[in-house]
Structure formats: C-alpha cells, structure tokens
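Structural overview for review
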Amino acid sequence: MTAAVFDHDGPWSEEEYLALGETQQRVELFDGSLHVTPAPTPRHQRLSRRLGNILEPAAEALGLELLEAVNVRLRPGRIPIPDLVVTAPIDLDDPWIEAADVKLVCEIISPGNAATDKVLKMHYYAAAGIEWYLLVEQETLSVHVYQRQGAHYVERSVTKAGETLELTEPVRATIRPADLLA
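What counts, and at which threshold
Residues numbered from 1 in each chain as written. Predicted model: local features only at pLDDT ≥ 70, side-chain atom pairs only at ≥ 80, totals over all residues. Heavy atoms only, no water. Helix = DSSP H or I, 4+ residues; strand = E, 2+ residues; numbered from the N terminus. Expected span 1.5 Å × (residues − 1). Bend = angle between axes of the 7 residues up to and from the residue. Buried < 20%, exposed > 50% of the residue type's maximum accessible area, 1.4 Å probe, protein only. Core = buried A, V, L, I, M, F, W, Y, C linked by side-chain atoms within 4.5 Å. Contact = heavy atoms within 4.5 Å. Polar contact = N/O pair within 3.5 Å; in protein donor to acceptor, adjacent residues only side chain to side chain. 1 Å grid on protein atoms, 1.4 Å probe; cavity = no way out; pocket = protein on both sides within 12 Å on 5 of 7 lines; lining within 4 Å. Points joined across faces, edges and corners; volume = space filled by probe spheres on them. Nonpolar A, V, L, I, M, F, W, Y, C, P; charged D, E, K, R; others polar.

This part is about helix α3 (residues 42-61). Taking 1.5 Å per residue, 20 residues should reach 28 Å; α3 reaches 29 Å between its end C-alpha atoms and fits that length. At Leu55, α3 shows its maximal kink, close to 30°; a proline, Pro57, follows between one and four residues later. Within α3, the full set of buried residues consists of His44, Leu47, Ser48, Leu51, Gly52, Leu55, Ala58 and Ala59. A positive phi of about 75° marks Gly63, the residue just after α3.

This is the structure:
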C-alpha cells in the first residue's frame, strides 16, 4: 500500500479509495484526502469488543445490526471508519454503509486521535444526520452520549467509571464503563 499512496497525485476519489482494498491501517477518506492511523491497541480493541457485546443484543432486539470498523459514507468523498455502528438492516456485501442507515455511531478515543474523534468526526457525523454519537474516553473510562440537534451534537449524558449508563435511545442497554476493561 505504501507505494500506491505515495505515487498518487491529487485528491483521492471514492473509486481509488475503495481500490486500496483491506489494509493493516485504518484508512479513511475525507474530502479527497486519506487519513491513516495505525491498527488500534489491544486496550482499544477490548473496549470496542466489550461495548459491542453489550450493544449487539440490544440492536438485534430491534431488528438492527451492530458492526465494527466498517466504511460509513457520510456523503460523496467522505468515508470514515467508526469503531462501532448500530445500523438498519443493510446489504452486508456493499462496500460502505450509507449515513442514513446509521442509528448510532461510536468512537473510542485513543491518545493519538482525540481531536479527530471529538471535533472532525463529531462534526461530520452530525452534518450527515446521524442521530446518536457515543464517545468513549479510554484514559478515564467516561462514556459520553450525544444527540444531534440540527447540524451539531448536544451532550445528553456523561457516565464515569463506577457509574451506570441506562441507554434508552436508539437501543436499550446498560453500560458500566468500568466493566469494559475488567
């Protein structure tokens, strides 16, 4: 992949982005530019898996799907890879999920990508119309729930380690941040 990325001139199209195929790094497309991050740490992946284990049965009870690290097309030329998404039923063979099908998007903040998750992606997800945003801070084990209001998100709750979050929208789930690493 290194040669393909460095030999490329000009903005990336969706077709060129998808032609990269599966990579070891997370490669996201933002308005013609690639955003590349290393593979997540084991800590990050444990948090993601355990949160996914909580959200999956809640999603399935409503006929929804929980998926990890998939392409979400927010608009043409803007394709991030969230840590987790709860989505309406979709074609599992499509190269991406359309933002209109996403009910909840979740990011787990890593030390090297905090600005991307708290600012850039938060703005892009809201602008794309994704109603709910769940943000997990690894360092403090805080879980933030945001709901879209217009083109922005409003924080609805913050749950810290030792507390319990009773999520009621878009799925019903009980999340204890401390249990995500235990």
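Still more ground to cover, so stick around.
With 14 residues, helix α4 (residues 114-127) extends 19 Å between its outermost C-alpha atoms, agreeing within 8% with the 20 Å of an ideal straight helix rising 1.5 Å per residue. The largest bend in α4 comes to about 35°, at Lys121. Burial in α4 covers these residues: Thr116, Asp117, Lys121, Met122, Tyr124, Tyr125 and Ala126. Within two residues after α4, Gly129 carries a phi angle of roughly 90°, on the positive side.

Attention now moves to the nonpolar core. Judged by nonpolar contacts, the single largest core of 25 residues is most densely connected at Leu51, Leu55, Leu134, Val171 and Ile175. Filtering out sequence-adjacent residues up to four positions away, Ile175 remains in contact with Leu51, Ile54, Leu55, Leu134, Glu163, Thr164, Leu165, Leu167 and Leu180. With 19 residues, the next largest nonpolar core counts Met122, Tyr124, Tyr125 and Tyr146 among its residues.

Moving on, we come to the side chain of His144. Looking at where His144 falls in the secondary structure, it is placed in strand β10 (residues 142-149). Within polar-contact distance, the side chain of His144 engages the side chain of Glu155 at 2.7 Å. With residues up to four places along the chain from it excluded, the contact list for His144 reads Tyr133, Leu134, Leu135, Glu137, Glu155, Ser157 and Val158.

Moving on, we come to the layout of surface pockets. Volume-wise, the largest pocket comes out at about 440 Å³. Around the largest pocket, the lining comprises 18 residues; the ones closest to its centre are Gly21, Glu22, Thr23, Asn71 and Ile81. Where the lining of the largest pocket is concerned, the elements lending two or more residues are α2 (14-19) and β1 (26-30). Residue composition of the lining of the largest pocket, grouped by class: 10 nonpolar, 5 polar and 3 charged. Computed from the structure, the second largest pocket encloses a volume of approximately 260 Å³. For the second largest pocket, the lining is made up of 19 residues, of which Thr37, Pro38, Pro40, Ser110 and Asn113 are closest to its centre. For the lining of the second largest pocket, the secondary structure elements donating two or more residues are β1, β2 (33-37) and α4. Of all the elements, α4 adds the most residues to the lining of the second largest pocket, at 3 residues. Class assignment of the residues belonging to the lining of the second largest pocket gives a composition of 5 nonpolar, 8 polar and 6 charged.

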